[in-house]
Amino acid sequence: MRDDEKRKNFEDMEHSEERMFPTIALRGVVGFPNMVLHFDVAREISMKAIDAALSGDRKIFLVAQKFLGTEKPKRKELYRVGVVAEIRQVLRNGDVMRVLVEGCYRARILNLEMNENNFLQVQCKKLTAVQRCTADEVEVDAIMRSLRDVFIRYAGFFPKMPRELLETVCTKETPAELFESVLFNVQLDYTDRQQLLEQNNLFLRMTMLYAMLIREIEVLEIEREIQAQVQENMDRGQREYYLREQMRVISAELGEEESAQEEADRYAQKIMELGLDEDSAAKLLREADRLTKMPPSSQEAYVIRNYLDTVLDLPWKTKTKEKLDIKKAAALLDKEHYGLKRVKERVLESLSIHALMPEVKGQILCLVGPPGVGKTSIGRSIAKALGRNYVRVSLGGVRDESDIRGHRKTYVGAMPGRIMDAMRQAKSANPLILLDEIDKMGNDYKGDPASAMLEVLDSEQNHAFRDHFIELPFDLSQVMFVTTANTLDTIPAPLRDRMEIIELNSYTRMEKFHIAKEHLLKKQMQKHGLKAAQMRVTDGAIFDLIDYYTKEAGVRSLERLLASLCRKCAKTIVTDGAKRVQFTPETLEAALGPHKYLPDYRENEDTVGLVNGLAWTSAGGVLMPMEVLVLEGKGEIQLTGSLGDVMKESAKLAVSYARFIAKEYDIRPELFKTRDLHIHAPEGAVPKDGPSAGVTMITALVSALSGLPVRHDVAMTGEITLHGKVLPIGGLVEKSMAAYKAGMRTVIIPKANEPDLQELDAVIRESMEFIPVENISQVLEIALIQQQYDTKLEPLHTAELQQLGISAVPVWDVPQKQRKSKIKSTTEKTQ
């Protein structure tokens with residue numbers, strides 16, 4: 001009978017008990033079997049559930065809801081496992097009910113429904129008891145010892161935890177008792193507790209609890225460090241405040257500084273004298289008033305003083321009076337800049353408009369050109385002609401938007417942006433600000449400075465420009481902005497649209513000579529303390545400096561060379577006692593060393609497969625010969641000379657078009673299959689790219705394949721299409737200067753670029769013949785020299801080959817001179 005009772009009890013534990021229970025959805029609380037738990041109930045459905053349980057066997061089902069903010073949870077918003085508990089005590093306090101319960105056993109929700117009395121009830125299934133530890137005894141002892149140790153560490157963070165409780169927990173000998181004692185006396189997140197409730201293996205429960213306590217201890221340690229640091233900072237701040245107050249009282253007794261009220265009054269008087277609008281003045285007065293409410297030596301007081309001093313230094317109403325005289329302005333530009341007639345004319349036009357209507361705003365000039373052509377100095381001359389204060393702002397390498405708009409004054413080391421700093425330096429509200437190297441601005445994760453410049457250079461917006469540091473609207477509409485750039489490619493289109501572009505071309509050889517002789521040499525001699533009687537540089541020496549020691553569009557390197565000559569002259573005068581030093585072409589090498597640059601490579605004879613092309617570089621235009629060789633092969637094309645992708649495509653285009661017009665120039669089609677074409681651009685170490693070498697390539701190809709030489713005094717430039725059209729190119733002025741310098745007589749240009757010839761210097765236009773063309777046929781007709789004898793590449797008869805003393809080979813392999821003479825003699829005999 002005893003065995004039957006044991007079997008029955010075992011079956012009761014294994015089989016589930018299913019029945020309906022009133023239910024309470026708990027927020028952030030998870031109950032466990034054998035756990036005494038108290039909580040407050042305020043929701044009506046929960047209070048009705050408690051009343052229903054009290055009217056029955058006092059049993060109630062407790063389950064945690066997944067989201068704490070849910071008022072009326074549904075089945076999917078509740079965890080599936082909860083605990084059946086027995087209500088021990090209920091205290092009512094108005095609309096709140098405090099309940100004390102004791103957990104009985106775990107259960108799983110089978111069905112959830114709303115009772116007719118409007119409270120939740122569930123049909124639940126009793127879960128089997130937690131499995132005992134089936135692990136090895138050593139493992140069980142290890143986890144129990146670890147759990148005790150981590151609980152002792154945890155208790156160390158709570159000094160108020162009773163020592164008796166700690167001893168009670170640590171003396172538990174069974175795993176189940178130790179688990180419950182630790183769990184019921186630690187604070188864990190309800191999601192962690194729910195995981196422990198759902199776990200059915202005691203050993204895994206203890207392992208999970210141990211890991212949770214380790215993580216909780218790490219959080220508590222970090223919290224303790226943060227609290228200690230905050231407390232230390234507070235103590236230090238209080239100590240500093242006490243010491244500062246003592247210093248302030250001592251200084252006041254000694255009469256060494258003004259009081260905070262006097263300082264605020266002084267700032268307020270200056271603010272009122274500025275004549276700002278009501279809102280701006282009110283903001284500044286509030287900042288000044290804050291000084292009276294804080295220690296004078298505090299960091300915040302320093303920030304406010306720095307802010308007010310910066311704002312008061314700005315020229316809010318100060319202006320310079322303009323005395324604009326167009327004739328004097330023209331004379332000033334001519335005095336300080338040689339040449340540049342078109343640029344000077346455009347600048348004088350802008351000044352004339354300003355003279356007629358001073359209130360006209362929005363004239364923003366952008367001077368674009370290679371380095372050293374005088375862009376910055378022109379901006380300075382415009383300011384001098386207008387009688388305005390001049391400030392230069394360098395934008396090269398600016399990558400942070402804060403460089404333009406400034407930093408918020410709350411940051412350590414904050415300062416206004418470059419625009420407002422320039423206004424402070426100008427000391428007037430209508431200066432000329434030169435924005436140098438505007439094409440060198442970049443951007444990164446800190447912002448795009450070019451976007452910030454959109455507001456600065458827009459006359460419709462810059463009347464109320466706001467700097468992040470100043471925090472007040474500042475009127476920039478009276479400022480004349482002049483920008484400089486080396487190229488327009490890197491300037492964003494919206495920013496470029498706000499400026500009027502004025503292009504400055506490279507200086508010609510003669511212009512460089514006059515600039516060096518009339519401006520640079522005098523400037524450097526004065527800078528080095530030399531008189532005109534002590535040093536002389538002949539005209540030939542200046543030309544040699546330009547031709548053989550510099551290679552640039554401007555005159556910066558030329559000026560440095562003149563400065564070097566001045567230093568050598570000064571040394572000779574001081575050390576050797578010479579009274580006069582003269583530099584000639586013969587003595588330059590002794591002073592500056594051998595020639596650094598040679599003239600552009602060019603052929604002096606009409607050559608087959610060699611064409612003079614023209615290219616643009618940042619230092620100006622250059623002569624770029626293009627060479628083509630026809631070799632035995634399989635119809636392959638070889639491209640050398642560091643050619644870029646666009647240039648390689650132009651070469652393929654030229655080959656295709658050469659095949660298309662092969663019959664016109666007696667080129668056999670099979671040559672493109674039996675011969676390799678090698679296209680080369682000399683100076684292979686220099687990268688080259690762009691479409692303007694199209695006409696040069698096709699001319700060289702046709703010449704090499706047909707055997708017709710190319711005129712050595714002709715240079716050309718132009719992009720080609722697949723149908724032989726010649727398209728316009730850029731940089732015609734610089735390329736024309738390169739052709740002029742190389743001694744070309746004829747320059748072939750696209751028809752669409754014909755209007756650009758007006759920008760050329762009169763000397764260049766008169767020295768060379770510019771021929772505009774529309775298609776490749778016109779280019780080839782001009783550049784190729786037609787032979788006076790028969791050059792048709794048709795197969796010769798066997799008899800003719802025998803007369804030439806050559807076996808049966810293609811006509812291409814017959815030397816032209818031999819073919820000419822032999823055919824001529826044969827023809828005479830036939831006649």
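Cut-offs and rules
- Residues numbered from 1 in each chain as written.
- Predicted model: local features only at pLDDT ≥ 70, side-chain atom pairs only at ≥ 80, totals over all residues.
- Heavy atoms only, no water.
- Helix = DSSP H or I, 4+ residues; strand = E, 2+ residues; numbered from the N terminus.
- Buried < 20%, exposed > 50% of the residue type's maximum accessible area, 1.4 Å probe, protein only.
- Contact = heavy atoms within 4.5 Å.
- Areas by Shrake-Rupley, 256 points an atom, 1.4 Å probe, with all protein chains shown as cover.
- Salt bridge = Lys/Arg side-chain N within 4 Å of Asp/Glu carboxyl O.
- Pairing = 2+ DSSP bridges.
- Axes fitted to C-alpha atoms, helices over the stretch in contact; angles between N-to-C directions.
- Patch = residues over 30% accessible without salt bridge, like charges linked within 9 Å, V, L, I, M, F, W, Y side chains within 5 Å.
- Lys, Arg positive; Asp, Glu negative; His and termini not counted.
- Charge placed at Lys NZ, Arg CZ, Asp CG, Glu CD.
- Phe/Tyr/Trp six-rings, centres within 6.5 Å; stacked < 30°, edge-to-face > 60°.
- Lys NZ or Arg CZ within 6 Å of the ring centre and 35° of its normal.
- pLDDT = per-residue confidence, 0-100.
- Expected span 1.5 Å × (residues − 1).
- Polar contact = N/O pair within 3.5 Å; in protein donor to acceptor, adjacent residues only side chain to side chain.
- Disulfide = S-S within 2.5 Å.
- Parallel < 35°, antiparallel > 145°, perpendicular 65-115°, else oblique.
- Nonpolar A, V, L, I, M, F, W, Y, C, P; charged D, E, K, R; others polar.
- Arc of directions from axis to C-beta.

> Let's hear about the overall build of the protein chain: which residues, and what values?
Across its full length, the protein chain carries 29 helices and 24 strands. Here the protein chain holds 831 residues, and 44% of them are scored as buried. A separation of at least 24 residues holds for 73% of the contacts in the protein chain among residues at least 6 apart in sequence. For the protein chain, the accessible area works out to roughly 44,900 Å², and carbon and sulfur atoms hold 50% of it.

> Kindly report on the pattern of salt bridges, identifying the contributing residues and their values.
Counting across every chain of the model gives 30 salt bridges. The salt bridge involving Arg405 is made with Glu401; its shortest N-O contact spans 3.5 Å. Overall, the relative accessible area of 27% leaves Glu401 in the partly exposed class. Two residues, Asp439 and Lys440, come together in a salt bridge whose shortest N-O distance is 3.0 Å. Several salt bridges share partner residues, and in doing so they unite Glu86, Arg88 and Glu102 into one network.

> How would you sum up the side chain of Thr483? Please name residues and give values.
Here Thr483 is to be found in strand β12 (residues 480-485). If we skip the residues at most four places from it in the chain, Thr483 touches Leu365, Cys366, Leu367, Leu435, Ile438, Leu457 and Met499.

> Which residues make up the sheet that holds strand β7 (residues 365-368), and what values go with them?
Taken in spatial order, the 5 strands make up an open sheet running β8-β9-β12-β7-β13, and their pairing is parallel. In the strand order of this sheet, the two ends are held by β8 (390-394) and β13 (500-503), each with one partner. Here the strands of the sheet are splayed against their neighbours by 20 degrees on average, with no regard to which way each runs. Against the sheet, helix α12 (residues 341-356) engages β7 and β13, with an angle of about 150 degrees to β13. The strands touched by helix α15 (residues 418-426) within the sheet are β8 and β9 (432-436), with β8 carrying the most contacts at an inclination of about 155 degrees.

> Describe a negative patch on the surface, naming the residues involved and giving the relevant values.
A surface patch of like charges, here negative, comprises Asp136, Glu137, Glu139 and Asp141. Among the secondary structure elements, Glu139 is positioned in helix α3 (residues 137-155).

> Explain the packing of aromatic side chains residue by residue, including any values.
Inspection of the entire model under this criterion finds 5 aromatic pairs. Note on Tyr657 and Phe660: the rings are 5.8 Å apart at their centroids and 35 degrees apart in plane angle, and the pair reads as tilted. Here Tyr657 pairs with Phe660, and both are found in helix α22 (residues 645-660), just 3 residues apart, close to one helical turn. Residue classification places Tyr657 among the buried positions, given a relative accessible area of 7%. Geometry around Tyr267 places Arg266 over its ring, the cationic atom sitting 4.9 Å from the centre.

> Tell me about the confidence of the model for the protein chain, and please be specific about residues and values.
Overall, the prediction assigns the protein chain a mean pLDDT of 82, with 90% of residues at 70 or greater. Within the model, the stretch residues 1-16 combines pLDDT values under 50 with 5 contacts to residues more than four positions away or in other chains. Contacts from residues 788-831, a stretch scored under 50 in pLDDT, to residues over four places away or in other chains number 45 contacts.

> Before we move on, could you go through helix α10 (residues 299-313) and cite the residues and values that matter?
Along its 15 residues, α10 runs 21 Å from first to last C-alpha, staying within 8% of the 21 Å computed at 1.5 Å per residue. Those residues of α10 that fall on the buried side of the exposure criterion are Ala301, Val303, Ile304, Arg305, Tyr307, Leu308, Thr310, Val311 and Leu312.

> Tell me about the side chain of Lys735, and name the residues and values.
Note that Lys735 resides in helix α25 (residues 732-741). No salt bridge is formed by the buried Lys735; the nearest opposite charge belongs to Glu734, separated by 8.3 Å. A distance of 3.2 Å separates polar atoms of two side chains, one belonging to Lys735 and the other to Thr717.

> I'd like to hear about the state of the cysteines, residue by residue, with values.
The bond known as a disulfide is covalent and runs between the sulfur atoms of two cysteines. Under the defined criterion, the tally for this structure stands at 0 disulfides. Cys566 takes part in no disulfide bond, and the closest cysteine sulfur, belonging to Cys569, lies 7.0 Å away. A relative accessible area of 0% places Cys566 in the buried class.

> Now, about the pairing of strand β3 (residues 59-64): what can you tell me, with residues and values included?
Where burial is concerned, most of β3 is hidden: 5 out of the 6 residues are buried. Examined bridge by bridge, strand β1 (residues 18-26) and β3 share 4 bridges and lie parallel to one another. Residue pairing in the sheet places Ala25 in a bridge with Val63 of β3. Where β3 lies against strand β4 (residues 81-93), 4 bridges are found, and the strand directions are antiparallel. Across the sheet, the residue bridging to Lys59 is Glu86, located in β4.

> Describe in detail unusual backbone geometry, supporting the description with residues and values.
With phi around 70 degrees, Asn118 is a residue other than glycine that occupies positive phi space. If you trace the backbone, Asn118 turns up in the loop between β5 (96-114) and β6 (120-126).

> Residues and numbers for a nonpolar patch on the surface, please.
On the surface, Ile222, Ile226, Val230 and Met234 cluster together to form a nonpolar patch covering roughly 360 Å² of accessible area. Counting through the fold element by element, Met234 comes out in helix α7 (residues 202-254).

> Any details on the environment of Leu110? Residues and values, ideally.
The residue Leu110 is located in strand β5 in this model. Taking C-alpha positions, Leu110 is 9.7 Å from Arg19, a pair spaced 91 residues apart along the chain. Sequence-distant contacts of Leu110, defined by excluding residues within four places in its chain, comprise Glu18, Arg75, Gln123, Cys124 and Lys125.

> Can you tell me about the packing of α3 against helix α4 (residues 163-170), naming the residues and giving the values?
For the pair α3 and α4, interaxial distance at closest approach is 10 Å and the crossing angle is 170 degrees. Judged on the interaxial angle alone, α4 and α3 are roughly antiparallel. Where α3 abuts α4, its residues Arg148, Phe151, Ile152 and Ala155 lie against Leu166, Val169 and Cys170. Taken together, the residues that form the contact of α3 with α4 break down as 6 nonpolar, no polar and 1 charged.

> Run through helix α9 (residues 278-290), naming residues and quoting values.
Spanning 13 residues, α9 covers 19 Å between terminal C-alpha atoms, matching the ideal 18 Å at 1.5 Å per step. Those residues of α9 that fall on the buried side of the exposure criterion are Ser280, Ala281, Lys283, Leu284, Glu287 and Ala288. All buried residues of α9 fall inside an arc of 160 degrees around its axis, so they share one side. In α9, the exposed positions angled more than 90 degrees off the buried face are occupied by Glu278, Asp279 and Arg286. Between a side-chain oxygen at the N-terminus of α9 and the backbone nitrogen of Asp279 the separation is 3.3 Å; the capping residue is Asp277.

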